[in-house]
Amino acid sequence: MFRTRPASAACAAAARSLLASPAVPARRGFATVTTPPASAAPATSAKPAAPVISTTRSHKVVVVGAGAAGLSVSHQLLASGQFAPDDIALVDPATWHHYQPGWTLVGAGLKTREELRRELGGLVDPKLKFYREGVRAFAPGDNYVTLAGGDTLGYEQLVVVPGIHIDYGSIAGLPEALADLGSGVSSIYGYDTCEKVFRSIEALERGVALFTQPAGVIKCAGAPQKAMWLAFDYWRRAGLYDPKNPAASPIQIAFATGLPVMFGVPKYSAALEKMRQDRGVEGLFEHDLVAVEGRTAVFARPGGKEKVARKFDLLHAVPKMGPHAFVKSSPLANDAGYVDVDDTTTRHKTFANVWSVGDASSLPTSKTAAAITSQAPVLVRNLLAALARQPPAAAYDGYTSCPLLTEYGKVMLAEFKYGGEPKETFGDWLGIDQAVPRRAFYHLKKDFFPWVYYNYMTKGTWGGPQGWIR
Ligand code: UQ1
C-alpha cells in the first residue's frame, strides 16, 4: 500500500508549472467585524461526569482528532483495505476543518479565510464511524475513551491526534485587544483574527509595527516572521518603508521574540538574521510578550532582568500554545503534557496500543502540516504491523518543513529533520540551496500545497516529499 511515486520528481514538476507573477493585493476598506477569539476553546466541554463506566461501543481503531493528522491517518488506514465499515472511529467536535497553513496568506490579503475551510463532515469517508464529540478522558489501562457526553468507546488501537490549544489568555489584555477593531492588534493564529492582520497592515500609514513570537512551543515556528516579512514588503511597495533608511521611514518595524535567534535551525537562522539586518528590522531577542496595555506591549526577560515596555501602532501577537487539558491530565501525557511517544516509531512509550503524531505528540520536531505528511505513513504502517502482531516496521526521521514567506512572490523552503539538520527535497535533488528564497517555492506554498492538501492529503493519498501514496 505504501509504495510511493519517486518523490521529488512529481513535486518539482508541479513547482515548475506554477510559475506565475506574484500579485500584491490592492488596499481595501476596513470593514468586516472581527469576533473575539472565543471559539478557540479546547475541544472538550466541561459537562458533569457521567455515572456509567461501561463501554458503549467498540472499534478496532479509535482516532481522536480530525485535523491534518487525524484525517490523514484514518484515511490511510482505510486505504489499506484491512478494515470493514465502522471498524475505524474518528472523534472530533468540530464543525469546520481549517487549512491552517493558509492563514499567513489571509494575513497578507492573498486568500480569504472562507476558501481555506471545509465542513468537516464532508471530508470524512462514510466508511469511518464519525463521532462529532469531544473527549473527556482516556483510560489506556482499560482500552477505552470517554466522550464529552459520557459515552465510552472501546478500542484495540488508539490514535491520539487532537492538536494543541491556543492560549489567548496567556497574554494579559490580548483577548480584549484582538476583539477591539481599533486596537491595531491582530494574529494570524486564529480563524477569527487572521483577516484583521491584513486590515491592520493596510490601515497603518506611520508608526511602530511590532511582531512577536513567544518563548515555548508554537505551531509552525516560522509563521510569526512570515507575517512580518509580508507586511514589510507591503509597506516597502507602498513607499512607507525604506530598508536603506528605516529611521526616516514613516513606519519602523521590530521583531520581538522569546527565543535567542530568528529560527531553530542554524542554517536558516543565519539566512534570516542576515535578512533582518539587511532590511533594517530591529531585533528584540529573548523578549517574551506577557501583556498588552493599550498601545504598549510588555515583555518578560530571562534571568530576572527587568520587564521591557514598548509602544506600538500595530502589534502582530502570537499567544502561547500547549496541550489540551484532556490530554495533559491523562496517563498518556509526558511531564510537558504531550502524548509520550517514541521519536522513531510514534508508538506510546508505556501503552503499546496507543499512537500519536502531530502537534499533540511529544515528537521533538517543529509542529507543521508538512511534518504530518511524513509522520502519518509511519504511524499507519506501524499500527498495521501491531494489529498483525508484528514489530514496528517504519521509522520517522523528524522531517518537517516551514515554507517561509519572505516577501510577496518568494518563499525560503526550510526543510529539516531531527537535530536541526537540513533535509531539502529540491536541494538534494536539483542541487539548489533552499535557504535562498524562490518564486517556485512561493507557488508551492500558495497554490500547490492547499490544493494537494484537500484533494489528496486529507484523503490519505499524499506523502509530502515522497509524493503520492498509491
Ligand atoms: C507538504 O506536503 C505540505 O502539505 C500539503 C505542506 O503544506 C502544509 C508543506 O508545507 C510541505 C513542505 C510539504 C512537503 C512537500 C514537498 C513537495 C516538499
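Definitions and cut-offs
- Residues numbered from 1 in each chain as written.
- Predicted model: local features only at pLDDT ≥ 70, side-chain atom pairs only at ≥ 80, totals over all residues.
- Heavy atoms only, no water.
- Near = heavy atom within 4 Å.
- Polar contact = N/O pair within 3.5 Å; in protein donor to acceptor, adjacent residues only side chain to side chain.
- Areas by Shrake-Rupley, 256 points an atom, 1.4 Å probe, with all protein chains shown as cover.
- Helix = DSSP H or I, 4+ residues; strand = E, 2+ residues; numbered from the N terminus.
- Nonpolar A, V, L, I, M, F, W, Y, C, P; charged D, E, K, R; others polar.
- Salt bridge = Lys/Arg side-chain N within 4 Å of Asp/Glu carboxyl O.
- Buried < 20%, exposed > 50% of the residue type's maximum accessible area, 1.4 Å probe, protein only.
- Pairing = 2+ DSSP bridges.
- Contact = heavy atoms within 4.5 Å.
- Axes fitted to C-alpha atoms, helices over the stretch in contact; angles between N-to-C directions.
- Parallel < 35°, antiparallel > 145°, perpendicular 65-115°, else oblique.
- Left-handed = near helix turned anticlockwise from the far one by under 90°.
- Disulfide = S-S within 2.5 Å.
- pLDDT = per-residue confidence, 0-100.

(A) The arrangement of the site of the ligand in detail. Near the ligand there are 17 residues, and of these Ser 401, Pro 403, Glu 415, Phe 449 and Trp 462 occur at the shortest range. A distance of 2.7 Å is found between an oxygen atom of the ligand and a side-chain nitrogen or oxygen belonging to Trp 462. Summarising the interface, the protein chains cover 98% of the accessible area of the ligand, which totals 440 Å² for the free molecule. Of all the secondary structure elements, the ones that give two or more residues to the shell around the ligand are helix 9 (369-387), strand 20 (400-407) and helix 11 (439-457). Looking at the shell around the ligand, its residues break down into 12 nonpolar, four polar and one charged.

(B) Seen up close, the pattern of salt bridges. What the rule picks out here adds up to 18 salt bridges. Between Arg 113 and Glu 195 there is a salt bridge whose closest N-O contact spans 3.5 Å. Placement of the pair is Arg 113 in the loop between helix 3 (103-107) and strand 4 (117-119) and Glu 195 in helix 5 (residues 194-203), with a sequence separation of 82 residues. When sorted by exposure, Arg 113 lands in the same class as Glu 195, which is buried. Salt bridges sharing partners connect three or more residues here, namely Arg 113, Glu 114, Glu 195 and Arg 199.

(C) Representation of the pairing of strand 7 (residues 144-147). Covered by surrounding structure in strand 7 are Tyr 144 and Thr 146 together with Val 145 and Leu 147, the residues of both alternating faces. The sheet contact formed by strand 6 (residues 135-139) and strand 7 spans four bridges and is antiparallel. Looking at strand 7, one finds that Ala 139 is bridged to Tyr 144. With antiparallel pairing between neighbouring strands as the criterion, strand 6 and strand 7 make up a hairpin whose turn holds four residues, including Asn 143 at a positive phi of roughly 60°. In this structure, strand 7 lies alongside strand 8 (residues 152-160), joined through three bridges in antiparallel fashion. Counterpart to Thr 146 in the pairing with strand 8 is Thr 152. Adjacent in sequence and paired antiparallel, strand 7 and strand 8 are bridged by four residues, among which Gly 150 carries a positive phi angle near 105°.

(D) Highlighting the sheet that holds strand 11 (residues 207-213). Strand order in the open sheet made by the five strands is 10-17-11-12-13, with parallel pairing throughout. Strands at the two margins of the open sheet, each flanked by one partner only, are strand 10 (185-186) and strand 13 (282-285). The pairing of strand 12 (residues 251-257) with strand 13 spans four bridges and is parallel. Each residue of the ladder has a partner; that of Ala 254, found in strand 13, is Glu 282. Of the strands in this sheet, strand 11, strand 12 and strand 17 (314-316) touch helix 6 (residues 223-237), which is tilted by about 170° from strand 12.

(E) Examining the packing of helix 5 against helix 6 more closely. Axis separation between helix 5 and helix 6 bottoms out at 10 Å; the angle between their running directions is 30°. Judged by the angle between their axes, helix 5 and helix 6 are roughly parallel. Helix 6 is crossed by helix 5, and the crossing has right-handed handedness. From helix 5, Phe 198, Ile 201 and Glu 202 reach across to helix 6, where they touch Ala 231, Tyr 234 and Trp 235.

(F) Up close: the state of the cysteines. Under the definition given, this model contains zero disulfides. With no disulfide partner, Cys 402 has as its closest neighbouring cysteine sulfur the one in Cys 220, 3.7 Å distant. A relative accessible area of 2% means that Cys 402 is categorised as buried.

(G) Spatial organisation of the confidence of the model for the chain. Summarising the model, the chain shows a mean pLDDT of 90, and 88% of its residues fall at 70 or more. Scored below 50 in pLDDT, residues 1-53 shows 123 contacts in the model against residues more than four places distant or in partner chains.

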